There are 2 protein chains.
Amino acid sequence: MTTTDLQPLPGGTLSDAVEHRIVDWLRQQGLKPGDPLPGELELAQTLQVSRNVVREALSRLRMIGLVRSRKRAGMHLGEPDIPGTLARVLDAAFLDQARIAQLRELRLVIEIGLAPLVFTRHSAADRAELTELVTQERAVADDCDASRAIDAHFHAVLYRIGDNPMITEFQALLPSFFATADRAAFRPTRFNDPAIVSHADLIHELEHGTAVSFAAAMQGHLTPHLAGC
Amino acid sequence: MTTTDLQPLPGGTLSDAVEHRIVDWLRQQGLKPGDPLPGELELAQTLQVSRNVVREALSRLRMIGLVRSRKRAGMHLGEPDIPGTLARVLDAAFLDQARIAQLRELRLVIEIGLAPLVFTRHSAADRAELTELVTQERAVADDCDASRAIDAHFHAVLYRIGDNPMITEFQALLPSFFATADRAAFRPTRFNDPAIVSHADLIHELEHGTAVSFAAAMQGHLTPHLAGC
DNA sequence: TATGTCCTTATGTAGGACATATTATCCGAA
DNA sequence: TTCGGATAATATGTCCTACATAAGGACATA
């Protein structure tokens, strides 16, 4: 007798509808992180649904960080938890091969596109750090696992130099997508092969090249990993 | 007397703990999209929490598409809804200026890094489509709004040519971040300025250049938008 | 002023009840 | 036998009530 008078909400549950209603309302009110929200009971009464439905909707908003709540203080808007949400939805265990391939390609795209920023924002100290890693890499050229770890470290430093927190956070959750599949694809650098852009070549471009030439070098360094190139 | 014997779950609610427990269990069991899940009641009994708590946790997993449920069929694993989840967490209305700046920069990074893929995967028909857009652009050079719309369309086509659904989906939800701020930053192309890489120049590189030269052109086309360059 | 107690409040959790949709089952008719 | 419709079973969706818990405020006291 309570729910019979409203439309069947085609294709969704009440929680779905309430979730969107609340978010739309927050947007419409122009609320910002830190602002207080109405209590659960008031929301339930206003929306004419049970407190349970409201809590299921709020639980979702809590997960993505949009809402924070404490026992007596009530609820407040929070800052969306981008890395936490990405980690939940980009879970290699539940993604199909197509999605994983797209993610791996996205990683390469970002790393190539990051090159101009890395060139612009890097310092002499950064170059020294990268050079040190190349030295270590040469020392363990025989050990595939160690070589691979240093390779990952080298690229992580490039991300850090890029100095975009969002991109760095994205990179931080990528290893799970490369843990198994990339082991086979990873080839220890042949240091004397002129056709391959090595880490040392990248550092050279960083010091003596331009933003464009460094980006081209990065492209050459990563292109072997791109399908259809 | 029921909840007093378990640890205060430092820093989180029961729903948080149950959410992670369930996801860990799904991973550990190696379940894949389509596989059935235990019922809510069974989960509640196994985890020794109320069905309410279980439903709040499941509501979150339903939001990100990880579980789907129908009335009598029970629950099944679903494919994570990446674009839907991104749309929820990347909401310009609730992100601070720093995050928005990072997102705008990420867009430029992706667009530059996408260049090699665009070059490799484009067809003559794609070039014709882009050329047609440049023609239209010249026709409305005076109208800033129309010019801006065609510019957006041009870049959307580039994304489509890149042929990575994940990247295209990401691009699809970007307009909200550029709707207001970019209006000021947008400058209609001065077609005769040789220092600026125009859309026509991009098409020229696409037809007569190389992957590297096209990427460099894209870099030149977008660099004016990058801070600190 | 400082502090400790009590009270209020809003969220967190529990449990039961019913509604609803969908599937399985069974029975009767052609 | 087979087909089709009525019927029962089942898991999710929604509602309700009650209580636990933490946190902030009010107040009295030293």
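Enquirer: Whenever I open this one, the overall build of chain A confuses me. Can you help?
Expert: A tally of helices and strands in chain A yields 13 helices and two strands. Counting the 229 residues in chain A, one finds 46% classified as buried. With an accessible surface of roughly 11500 Å², chain A has 55% of that area assigned to carbon and sulfur atoms.

Enquirer: Explain the protein's contact with DNA strand C to me, please; I cannot follow it from the model alone.
Expert: Taken together, the neighbourhood of DNA strand C is formed by 26 residues, with Arg51, Arg55 and Arg72 of chain A together with Leu14 and Ser50 of chain B sitting nearest. Among the atoms of DNA strand C close to the protein, meaning within 4 Å, 67% are from sugar or phosphate groups. For DNA strand C, a phosphate oxygen lies 3.5 Å from a polar atom in the side chain of arginine 62 of chain A. Elements supplying a minimum of two residues to the surface near DNA strand C: helix H3 (51–63), strand S1 (67–70) and strand S2 (74–77) of chain A together with helix H1 (14–28) and helix H3 (51–63) of chain B. The residue inventory of the surface near DNA strand C, partitioned by class, reads four nonpolar, 11 polar and 11 charged.

Enquirer: Looking at this structure, I do not really get empty space enclosed by the protein. What am I missing?
Expert: To locate leftover empty space, one rolls a probe as large as a water molecule over the atoms. If you walk through the whole model with that rule in mind, you get two cavities of 30 Å³ or more. Within this model, the largest cavity holds a volume of roughly 240 Å³. Together, 17 residues line the largest cavity, and Leu86 and Phe170 of chain A together with Leu86, Leu106 and Phe170 of chain B are the ones closest to its centre. Those elements that provide at least two residues to the lining of the largest cavity are helix H4 (82–89), helix H5 (97–113) and helix H9 (165–172) of chain A together with helix H4 (82–89), helix H5 (97–113) and helix H9 (165–172) of chain B. A breakdown of the residues in the lining of the largest cavity according to their chemical character gives 17 nonpolar, no polar and no charged.

Enquirer: How do you make sense of the nonpolar core when you look at a structure like this?
Expert: Note on soluble globular proteins: their nonpolar side chains tend to be buried together. By size, the foremost hydrophobic cluster in this structure holds 85 residues, and its most contacted members are Leu90, Ile110 and Phe177 of chain A together with Leu90, Ile110 and Phe177 of chain B. Not counting residues up to four positions away in its chain, the partners in contact with phenylalanine 177 of chain B are Leu90, Asp91, Ala92, Leu95, Ile100, Leu103 and Arg104 of chain B. One finds Met63 and Leu66 of chain A together with Leu26 and Ala44 of chain B within the second-largest nonpolar core, a separate group that totals 44 residues.

Enquirer: Just to check I follow, could you spell out the protein's contact with DNA strand D for this structure?
Expert: Within the structure, DNA strand D sits among 25 residues, and Leu14 and Ser50 of chain A together with Arg51, Arg55 and Arg72 of chain B are positioned closest to it. In the model, a base nitrogen of DNA strand D is placed 2.9 Å from a nitrogen or oxygen of the arginine 51 of chain B side chain. Those elements giving two or more residues to the surface near DNA strand D turn out to be helix H1 (14–29) and H3 of chain A together with H3, strand S1 (67–70) and strand S2 (74–77) of chain B. Looking at side-chain class alone, the surface near DNA strand D contains four nonpolar, 10 polar and 11 charged residues.

Enquirer: Would you mind going over the pattern of salt bridges with me for this structure?
Expert: Scanning all chains against the criterion turns up 28 salt bridges over all chains. Several salt bridges share partner residues, and in doing so they unite Asp16, Glu19 and Arg60 of chain A together with Arg88 of chain B into one network.

Enquirer: Looking at this structure, I do not really get the pairing of S2 of chain A. What am I missing?
Expert: Within a regular strand, the side chains alternate between the two sheet faces. The pairing of S1 of chain A with S2 of chain A spans four bridges and is antiparallel. Its bridge partner being in S2 of chain A, arginine 70 of chain A is matched across the sheet by glycine 74 of chain A.

Enquirer: What is the right way to look at the side chain of glutamine 102 of chain B in this model?
Expert: Its location among the elements puts glutamine 102 of chain B in helix H5. Looking at glutamine 102 of chain B, the relative accessible area reads 12%, which means it is buried. Among the polar contacts made by the side chain of glutamine 102 of chain B, one reaches the main-chain amide nitrogen of methionine 166 of chain A at a distance of 3.3 Å. Leaving out residues up to four positions away in the same chain, glutamine 102 of chain B has contacts with Asn164, Pro165 and Met166 of chain A.

Enquirer: Is there a simple way to explain the packing of aromatic side chains in this structure?
Expert: Pairs of aromatic rings are described using the distance from one ring centre to the other and the angle between the two planes. Residues and elements named next belong to chain A. Taken as a whole and judged by the stated rule, the model has two aromatic pairs over all chains. For the pair phenylalanine 119 and phenylalanine 214, a centre-to-centre distance of 6.3 Å together with 35° between the ring planes defines the contact as tilted. A residue pair is termed long-range when its members are at least 10 positions apart, and phenylalanine 119 in helix H6 (residues 115–121) and phenylalanine 214 in helix H13 (residues 211–222) qualify at 95 residues. The same class applies to phenylalanine 119 and to phenylalanine 214, which are both buried.

Enquirer: So what exactly am I meant to see when it comes to the relation of the copies chain B and chain A here?
Expert: Between the two copies of the chain lies a rotation about an axis combined with a shift along it. Note on the identical chains: chain B maps onto chain A by a rotation of 180° and an axial translation of 0.0 Å, with an RMSD of 0.0 Å. Overall, the copies show the geometry of a two-fold rotation axis. Looking at the rotation axis and the C-alpha trace of chain B, the residue lying nearest is glycine 113 of chain B, at 1.9 Å. Looking at the interface residues of chain B, 100% of them are also at the interface in chain A, so both copies use one shared face.

Enquirer: Honestly, unusual backbone geometry in this entry has me stumped. Any pointers?
Expert: What is expected of a backbone is that most residues other than glycine have negative phi and most peptide bonds are trans. Of note in the backbone geometry, aspartate 163 of chain A takes a positive phi value of approximately 65° without being a glycine. If you trace the backbone, aspartate 163 of chain A turns up in the loop between helix H8 (144–162) and H9.

Enquirer: For this particular structure, what's the right way to read the confidence of the model for chain A?
Expert: Low pLDDT marks stretches whose predicted atomic positions should not be read closely. The predicted model of chain A has a mean per-residue pLDDT of 88, with 86% of residues at 70 or higher. Within the model, pLDDT remains below 50 along residues 1–9 of chain A, and this stretch shows two contacts once partners closer than five positions in the same chain are excluded.

Enquirer: What exactly am I supposed to notice about the interface of chain B and chain A here?
Expert: Each side of the interface is counted separately: chain B has 61 residues, and chain A has 61 residues. Both sides of the chain B and chain A interface together cover about 5300 Å² of buried area, and 61% of this is carbon and sulfur. Viewed at the interface, chain A and chain B are joined by 25 residue pairs in polar contact (both at pLDDT 80 or more). Every element with two or more residues in the side of chain B that touches chain A is listed here: H1, H3, H4, H5, helix H6 (115–121), H9 and helix H13 (211–222) of chain B. Sorting elements by how many residues they give to the side of chain B that touches chain A places H5 of chain B first, with nine residues. Considering only residue class, the side of chain B that touches chain A consists of 35 nonpolar, 10 polar and 16 charged.

What counts as what
In this convention, every chain numbers its residues from 1, walking through the sequence in written order. The naming scheme follows written order: chains are lettered A onward, ligands numbered 1 onward. Local features in this predicted model are restricted to residues whose pLDDT is 70 or higher, and side-chain atom pairs enter the listing and the counts only when it is 80 or higher, whereas totals over whole chains, interfaces and linings include all residues. Hydrogens and water are ignored here; the side-chain numbers use all heavy atoms of the structure. Helix numbers and strand numbers start at the N terminus; a helix is a DSSP run of H or I with at least 4 residues, a strand a run of E with at least 2. Buried means the residue's accessible area, taken with a 1.4 Å probe over protein chains only, is under 20% of the maximum for its type, while exposed means over 50%, and partly exposed covers the values in between. Accessible areas in this description were obtained via Shrake-Rupley with a 1.4 Å probe; residue shielding takes into account the shown protein chains only. Being near a molecule or strand, for a residue, comes down to having at least one heavy atom within 4 Å of it. Residues adjacent in sequence count toward polar contacts only when both atoms are side-chain atoms; beyond that, a polar contact is any pair of N or O atoms within 3.5 Å, and within protein one must be able to donate a hydrogen and the other to accept it. Ten residue types, Ala, Val, Leu, Ile, Met, Phe, Trp, Tyr, Cys and Pro, are classed as nonpolar, four, Asp, Glu, Lys and Arg, as charged, and the remainder, Gly among them, as polar. Lining residues are defined by having an atom within 4 Å of a point belonging to a cavity or pocket. Those points lie on a 1 Å grid over the protein atoms alone, cavities being sets where a 1.4 Å probe fits but cannot get out and pockets being open sets with protein on both sides within 12 Å along at least five of seven lines. Grid points are joined across faces, edges and corners, and a volume is the space filled by probe spheres set on the points. Take the buried Ala, Val, Leu, Ile, Met, Phe, Trp, Tyr and Cys residues and link them wherever side-chain atoms come within 4.5 Å; each set so joined is a nonpolar core. It only takes one pair of heavy atoms within 4.5 Å for two residues to be counted as in contact. The term salt bridge refers to a pairing of a side-chain nitrogen on Lys or Arg with a carboxyl oxygen on Asp or Glu at a separation within 4 Å. Pairing between strands is defined by DSSP: at least two bridges between them are needed. When the centres of two rings from Phe, Tyr and Trp lie within 6.5 Å, Trp using its six-membered ring, the rings pair. Their planes under 30 degrees apart give stacked, over 60 give edge-to-face, and anything left gives tilted. When the copies are overlaid, the least-squares fit takes in C-alpha atoms only where the residue has pLDDT of at least 70 in both copies. Per residue, pLDDT measures the predictor's confidence, with a range of 0 to 100. Note on definitions: buried area is the accessible-area loss of two parts on being combined, 1.4 Å probe, summed for both.

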